Amino acid sequence: PAPAPAPESAPAVASAPESAPAAASAEPAPAPERRVGGFYVGLGPEAGMPLGGQVRIPCDAAKACVDTVAVLLGGAVHGGYAFGPIALELMVSGEYEQYERRRRFGEFGAVAARASDPGVSRVEAFKYTTTTAFGGAGARGTFGAGLARFTTGATLGAVYRAQTLERELSKGVEDSMVRSFSSAGPAVRLDAGLLLGRAGGVSGHLGSWFRADLPVDDARTLPEPDDGVVPSEPGVQPFYTTPAYTLTEGAQFAAGLALGVTYGL
C-alpha cells in the first residue's frame, strides 16, 4: 500500500508583538520662581552730575576762564517689605559735588580805583562744594522672573544741602573768602534698573537715578565794598570790591548711574 502522507509542518511562530510606543516626551521645565514677598535690602555707590538750578560763577569780562566738570559722587541704601511685585521701602542717600573755576582779568600791572574793574590784573580761583543728604519713603515695583528682572522706585522725602564757596585772588590782588550756606526742603527721587541674579537671593543691580530738590532758600553771598588790598598809587583807593555771588537758585536737579547689590528682592 502507498505510504501515509507526511504530517503538515507546524504553523509559523507568531510574530513578536509590536514594540511599546515611544516614551512620552519630557515634561516642560518648571517656570522660574517669582518673588512672593518678604524683607529686602540694597546698597551701592552712585555717580552723576547736576542738571540745572546751580548758578555757576559767570565769566563776565574775564580774559580767560577755565572750568572743571562738576561731578557728584555718593551712595544709597534702601530696604523694605515686598508684597509680591510691589514693595514699600525707606531710602537714604548722600552725594558730594565739587566744581572749580579760574578767571583772569586785565593786563598784569594795571591799576584802577576798584579791583573789580575789568582792567585790574588778577586771577580769581573759585571752589564750590556741596554735600547733600536725602531721606524718604516710597514704593518699588519689581517685574519679571528668572535671572534678569526690571525694578523701578519712587521716593518722596526731604533733602539737606551744605554748600561752601571759596575764592582766592592772586597775581595783582591778594584776598581770600570762604562762605558757607545750608538749606533744607522737600525732594523726590526716581530710579530704574535691572536686577541680575536669583529672585529672593543676592542680585547685582545696574540702573539710573534722578532727584529734584526744592530748597526753601537760595544761596547768595552779600557784596563787600572794602575787602581785599589792591596795589595802588597816590589818590587811588586800595581796596577790592567783592560782588555778590549766587550759588544756587530755585529747584536743583541731578541724575546719574548706580551700581549695587540687593538681597531678598
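Just so it is clear, the structure is predicted and the values come from calculations on it, not from any experiment.

## Considering the overall build of the chain
Okay, step 1: When helices and strands are counted, the chain shows 0 helices and 10 strands.
Okay, step 2: Along the chain direction, N to C, the helices and strands of the chain fall in the order β-β-β-β-β-β-β-β-β-β.
Okay, step 3: Split into buried and exposed, the 265 residues of the chain put 37% on the buried side.
Okay, step 4: A separation of at least 24 residues holds for 73% of the contacts in the chain among residues at least 6 apart in sequence.
Okay, step 5: As displayed, the chain offers around 14700 Å² of accessible surface, 66% of which is attributable to carbon and sulfur atoms.

## Some thoughts on the pairing of strand β3 (residues 71-83)
Okay, step 1: Where strand β1 (residues 38-54) lies against β3, 11 bridges are found, and the strand directions are antiparallel. Counted as the bridge partner of Glu 46 is Gly 74 from β3.
Okay, step 2: Note: β3 against strand β4 (residues 86-105), 13 bridges, orientation antiparallel. Counterpart to Gly 79 in the pairing with β4 is Leu 90.
Okay, step 3: Between the end of β3 and the start of β4, which pair antiparallel, lie 2 residues, with Gly 84 showing a positive phi angle near 75°.

## Thoughts on the nonpolar core
Okay, step 1: Core analysis: the largest hydrophobic core is formed by 11 residues, namely Ile 57, Ala 70, Tyr 99, Phe 126, Tyr 128, Leu 165, Met 177, Phe 181, Ala 219, Tyr 245 and Leu 247.
Okay, step 2: When contributions to this core are tallied by element, the ones reaching two or more residues are β5 (122-143) and β7 (175-197).
Okay, step 3: Excluding anything up to four places from it in sequence, Leu 247 contacts Gln 54, Val 55, Tyr 128, Gln 163, Leu 165, Phe 181, Ala 219 and Thr 221.
Okay, step 4: Counting 5 residues, the second-largest nonpolar core is a separate cluster that includes Tyr 40, Ala 87, Leu 195 and Leu 265.

## Considering the packing of aromatic side chains
Okay, step 1: Taken as a whole, this structure holds 3 aromatic pairs when the rule is applied.
Okay, step 2: Taken together, a centroid distance of 4.8 Å and an interplanar angle of 80° make the contact between Phe 39 and Tyr 81 edge-to-face. Here Phe 39, found in strand β1, pairs with Tyr 81, found in strand β3; they are 42 residues apart in sequence, far enough to count as distant.
Okay, step 3: Classification of Phe 39 by relative accessible area gives exposed; the value is 67%.
Okay, step 4: Judged by relative accessible area, Tyr 81 falls into the partly exposed class, the value being 31%.
Okay, step 5: Clustering of aromatic rings is evident, with ring pairs tying together Phe 39, Tyr 81 and Phe 83.

## Some remarks on the confidence of the model for the chain
Okay, step 1: Confidence along the chain averages 79 in pLDDT terms, with 74% of residues attaining 70 or more.
Okay, step 2: pLDDT under 50 marks residues 19-24. Its contacts with residues more than four places away, or in other chains, come to 0 contacts.
Okay, step 3: This model gives residues 233-237 a pLDDT under 50, and the stretch forms 7 contacts once residues within four places in sequence are excluded.

## What about a nonpolar patch on the surface?
Okay, step 1: A cluster of nonpolar side chains, namely Val 41, Leu 43, Val 77, Val 92, Val 202, Val 261 and Tyr 263, defines an oily patch on the protein surface of about 630 Å² accessible area.
Okay, step 2: Residue assignment for the nonpolar patch shows that the elements contributing at least two residues are β1 and β10 (246-263).
Okay, step 3: Topologically, Val 92 is positioned in strand β4.

## Looking at the pattern of salt bridges
Okay, step 1: Within this structure, the stated rule accounts for 8 salt bridges.
Okay, step 2: For Glu 46, the salt bridge goes to Arg 189, with nearest N and O atoms at 2.4 Å. With Glu 46 in strand β1 and Arg 189 in strand β7, the pair connects residues that are 143 residues apart, well separated along the chain. A single burial state applies to Glu 46 and to Arg 189, both of which are buried.
Okay, step 3: Of the charged contacts in the structure, one is a salt bridge between Arg 211 and Glu 95, with a shortest N-O distance of 2.6 Å. Here Arg 211, found in strand β8 (residues 202-213), pairs with Glu 95, found in strand β4; they are 116 residues apart in sequence, far enough to count as distant.

## Looking at the environment of Pro 215
Okay, step 1: On the secondary structure map, Pro 215 appears in the loop between β8 and β9 (219-220).
Okay, step 2: On a C-alpha basis, the gap between Pro 215 and Arg 161 in space is 8.3 Å, while along the polypeptide they are 54 residues apart.
Okay, step 3: Not counting residues within four places of it along the chain, the set of residues in contact with Pro 215 comprises Ser 183, Ala 184, Gly 185, Gly 250, Ala 251 and Gln 252.

## Quick notes on the environment of Pro 45
Okay, step 1: Within the secondary structure layout, Pro 45 lies in strand β1.
Okay, step 2: According to the relative accessible area criterion, Pro 45 is exposed, its value standing at 52%.
Okay, step 3: In the structure, Pro 45 is positioned 216 residues away from Val 261 in sequence and 9.8 Å away in space, judged by C-alpha atoms.
Okay, step 4: Every residue in contact with Pro 45, bar those within four places of it in the chain, is listed here: Gly 74, Gly 75, Ala 258 and Leu 259.

Reading the values: rules and limits
Residue positions are given per chain, counting from 1 as you read along its sequence in written order. Residues qualify for local features only when their pLDDT is at least 70, as the model is predicted, and side-chain atom pairs are given and counted only at 80 or more; totals for whole chains, interfaces and linings, by contrast, use all residues. Hydrogen atoms and water are omitted, and side-chain values are computed over all heavy atoms in the structure. Comment: elements are numbered from the N terminus, with helices defined as DSSP H or I runs of at least four residues and strands as E runs of at least two. Three exposure classes are used, based on accessible area relative to the maximum for each residue type with a 1.4 Å probe and protein chains only: buried under 20%, partly exposed in between, and exposed over 50%. Residue contacts are counted whenever heavy atoms from the two residues lie within 4.5 Å of one another. Each accessible area value is a Shrake-Rupley result obtained with a 1.4 Å probe; residue values ignore everything except the protein chains displayed when judging cover. Should DSSP find at least two bridges between two strands, the strands are taken to pair. Here, the term nonpolar core denotes a set of buried Ala, Val, Leu, Ile, Met, Phe, Trp, Tyr and Cys residues that are joined through side-chain atoms within 4.5 Å. Stacked, tilted and edge-to-face are the three classes applied to pairs of Phe, Tyr and Trp rings, where Trp contributes its six-membered ring and a pair requires centres within 6.5 Å; stacked means planes under 30 degrees apart, edge-to-face means over 60, and tilted covers the rest. pLDDT: the predictor's confidence for each residue, scored from 0 to 100. Two distance rules govern patches: like charges are joined within 9 Å, and nonpolar side chains (Val, Leu, Ile, Met, Phe, Trp, Tyr) within 5 Å, applied only to residues with over 30% relative accessible area and no salt bridge. Salt bridges are counted wherever a side-chain nitrogen of Lys or Arg sits within 4 Å of a carboxyl oxygen of Asp or Glu.

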